[in-house]
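Spelled out, the chains give:
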Amino acid sequence: MRSKNSKAFTAAESAHIEAVKWLPCSVCDAPAPSDAHHIKQGQHFTVVALCKDCHQGSANGLHGRRVMWTVMKMDEIDALAVTLARLNGQGRLAA
């Protein structure tokens, strides 16, 4: 979802985000569909596939206490690498 101040998605950005949403979670491998978490608002090609819990969960989530992120020894860049590898058909990379 875009904020009221951000510009509209291009067709390529929309296609990329939709592809990311159909990947499993890049942190815990929960099956798709996933949320497409923007690492930086407005940069639509740097989105990470995250399940609801790893994204917004109060304990495990990126926007919470990040327990799962700590257990998996991952940060947003590690999760982005997993997302991009999956988009390119390379499966999950070691974090």
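Everything below is about the structure shown above.
What you are looking at is a predicted structure, and each value in this text was computed from that prediction instead of being measured.

Glancing now at the pattern of salt bridges. Summed over all chains, the structure comprises three salt bridges. Ionic pairing is found between Lys-21 and Glu-18, a salt bridge with its closest N-O pair at 3.5 Å. Here Lys-21 pairs with Glu-18, and both are found in helix H1 (residues 11-21), just three residues apart, close to one helical turn. Between Lys-52 and Asp-35 there is a salt bridge, with its nearest N and O atoms 2.9 Å apart. Taken together, the residues Lys-52 in helix H2 (residues 52-56) and Asp-35 in strand E1 (residues 35-38) connect sequence positions 17 residues apart. According to the relative accessible area criterion, Lys-52 is exposed, its value standing at 55%.

Among the nonpolar cores identified, the biggest contains twelve residues, and these are Cys-25, Val-27, Val-48, Leu-50, Cys-51, Cys-54, Leu-62, Trp-69, Met-74, Ala-79, Leu-80 and Val-82. Secondary structure elements with two or more residues in this core: strand E2 (47-50) and helix H4 (76-87). Looking at this core element by element, the count peaks at three residues for H4. Judged by nonpolar contacts, the second largest core, of six residues, contains Ile-17, Val-20, Ala-36 and Ala-49.

Reading the values: rules and limits
- Residues numbered from 1 in each chain as written.
- Predicted model: local features only at pLDDT ≥ 70, side-chain atom pairs only at ≥ 80, totals over all residues.
- Heavy atoms only, no water.
- Salt bridge = Lys/Arg side-chain N within 4 Å of Asp/Glu carboxyl O.
- Helix = DSSP H or I, 4+ residues; strand = E, 2+ residues; numbered from the N terminus.
- Buried < 20%, exposed > 50% of the residue type's maximum accessible area, 1.4 Å probe, protein only.
- Core = buried A, V, L, I, M, F, W, Y, C linked by side-chain atoms within 4.5 Å.

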